Amino acid sequence: KAGVTQTPRYLIKTRGQQVTLSCSPISGHRSVSWYQQTPGQGLQFLFEYFSETQRNKGNFPGRFSGRQFSNSRSEMNVSTLELGDSALYLCASSELTGSGELFFGEGSRLTVL
Amino acid sequence: TQLLEQSPQFLSIQEGENLTVYCNSSSVFSSLQWYRQEPGEGPVLLVTVVTGGEVKKLKRLTFQFGDARKDSSLHITAAQPGDTGLYLCAGSIYSGNTPLVFGKGTRLSVIA
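Residues numbered from 1 in each chain as written. Chains lettered and ligands numbered in written order. Predicted model: local features only at pLDDT ≥ 70, side-chain atom pairs only at ≥ 80, totals over all residues. Heavy atoms only, no water.

### Re the overall build of chain B
Within chain B one finds zero helices and eleven strands. Shown N-terminal to C-terminal, the secondary structure of chain B runs as helices and strands in the order β-β-β-β-β-β-β-β-β-β-β. Relative to its length of 112 residues, chain B is compact, with a C-alpha radius of gyration of 13 Å against a globular reference of 13 Å. In terms of overall dimensions, chain B has C-alpha extents of about 40 × 30 × 20 Å along its principal axes. Across chain B, contacts joining residues at least 24 apart in sequence account for 55% of those joining residues at least 6 apart. Distance between charge centres in chain B, computed from 9 positive and 9 negative side chains, equals 4 Å. (Helix = DSSP H or I, 4+ residues; strand = E, 2+ residues; numbered from the N terminus. Rg over C-alpha atoms; globule rule 2.2 N^0.38 Å. Contact = heavy atoms within 4.5 Å. Lys, Arg positive; Asp, Glu negative; His and termini not counted. Charge placed at Lys NZ, Arg CZ, Asp CG, Glu CD.)

Shown next, in the form of structure tokens:
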């Protein structure tokens, strides 16, 4: 079974730009969660989607948004990038929503200059 | 405020030594998970503990969930360089539709 695939792996943007990150979950998994990982704050929950519906949302500004498609693939978008948005963005899939085992991708490392 | 506090933040030990890392909270968790993350990769689940007082073993790793389900520990016996990585605890306060919250992690380095 293929694992969670995130693209792109690395990207560099400048302040004010926007970025879209993509996540393909493990086949059969309907839940996709997004986390932001930084050295200072660790992993912080962004949002979770299940069957194309946002089930949970973390404490991030509205510049952070996401969506899930009918094939369970998910995208997250960050608009008007700030320097502080530089981080590793991790996507995780699971069979069910909630607190079951999460299978993480390798992440998308975003650098904002 | 961090819901899950992990200690120590950093740990550097020699191969063959034993170590314990801790995950503490003032909240009660319905379950707690431990993940290990290696450089350039996402976290990988090691174990899930559900019952207060539960002890689980995974080869040289021993995980314990506190009786009150507010804390957990991970003990590694005879650490090896392959144990190097970031150890993360993650918990869910309510079972069901709540996201996992993560501690900031303990970065372990085992020197040969």
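### Here we look at the interface of chain B and chain A
With 21 residues of chain B at the interface, the matching set in chain A holds 22 residues. Of the roughly 1600 Å² buried between chain B and chain A, counting both surfaces, carbon and sulfur atoms make up 50%. Here chain B is connected to chain A by zero salt bridges. Those elements giving two or more residues to the side of chain B that touches chain A turn out to be β4 (31-37) and β9 (85-92) of chain B. Counting residues per element, the side of chain B that touches chain A draws most heavily on β4 of chain B, at four residues. Per-class residue counts for the side of chain B that touches chain A are eight nonpolar, eleven polar and two charged. (Buried area = accessible area lost by both parts, 1.4 Å probe. Salt bridge = Lys/Arg side-chain N within 4 Å of Asp/Glu carboxyl O. Nonpolar A, V, L, I, M, F, W, Y, C, P; charged D, E, K, R; others polar.)

### Focus: unusual backbone geometry
A cis amide bond links Thr7 of chain A to the next residue, Pro8 of chain A, at an omega of -10°. With respect to the helices and strands, the residue Pro8 of chain A is situated in the loop between β1 (5-7) and β2 (10-13). For the peptide bond that leads from Ser7 of chain B to Pro8 of chain B, omega is -10°, which places it in the cis range. Tracing the sequence through the fold places Pro8 of chain B in the loop between β1 (5-7) and β2 (10-14). Even without a glycine there, the phi angle at Ser72 of chain A is positive, about 80°. Taking the relative accessible area as the measure of exposure, Ser72 of chain A reaches 11% and is therefore buried. (Buried < 20%, exposed > 50% of the residue type's maximum accessible area, 1.4 Å probe, protein only.)

### Considering the sheet that holds strand β7 (residues 64-68) of chain A
All names here are of chain A. Spatially, the four strands line up as an open sheet ordered β1-β3-β8-β7, and their pairing is antiparallel. Each edge of the sheet is formed by a strand with only one pairing partner; in this case those strands are β1 and β7. In this sheet, adjacent strand axes meet at a mean angle of 15° when their direction is disregarded. Where β1 lies against strand β3 (residues 19-24), three bridges are found, and the strand directions are antiparallel. In the sheet register, Thr7 faces β3, and the bridge partner there is Ser22. (Pairing = 2+ DSSP bridges. Axes fitted to C-alpha atoms, helices over the stretch in contact; angles between N-to-C directions.)

### Thoughts on the pattern of salt bridges
Residues and elements named next belong to chain A. Enumeration over the complete set of coordinates arrives at eight salt bridges over all chains. Salt-bridge contacts for Arg63 lead to Asp85; the nearest nitrogen and oxygen are separated by 2.8 Å. You can see Arg63 sitting in the loop between β6 (53-57) and β7 and its partner Asp85 sitting in the loop between β8 (74-78) and β9 (87-94), a full 22 residues away along the chain. Owing to a relative accessible area of 15%, Arg63 belongs among the buried residues under this scheme. By relative accessible area, which is 4% here, Asp85 ends up buried.

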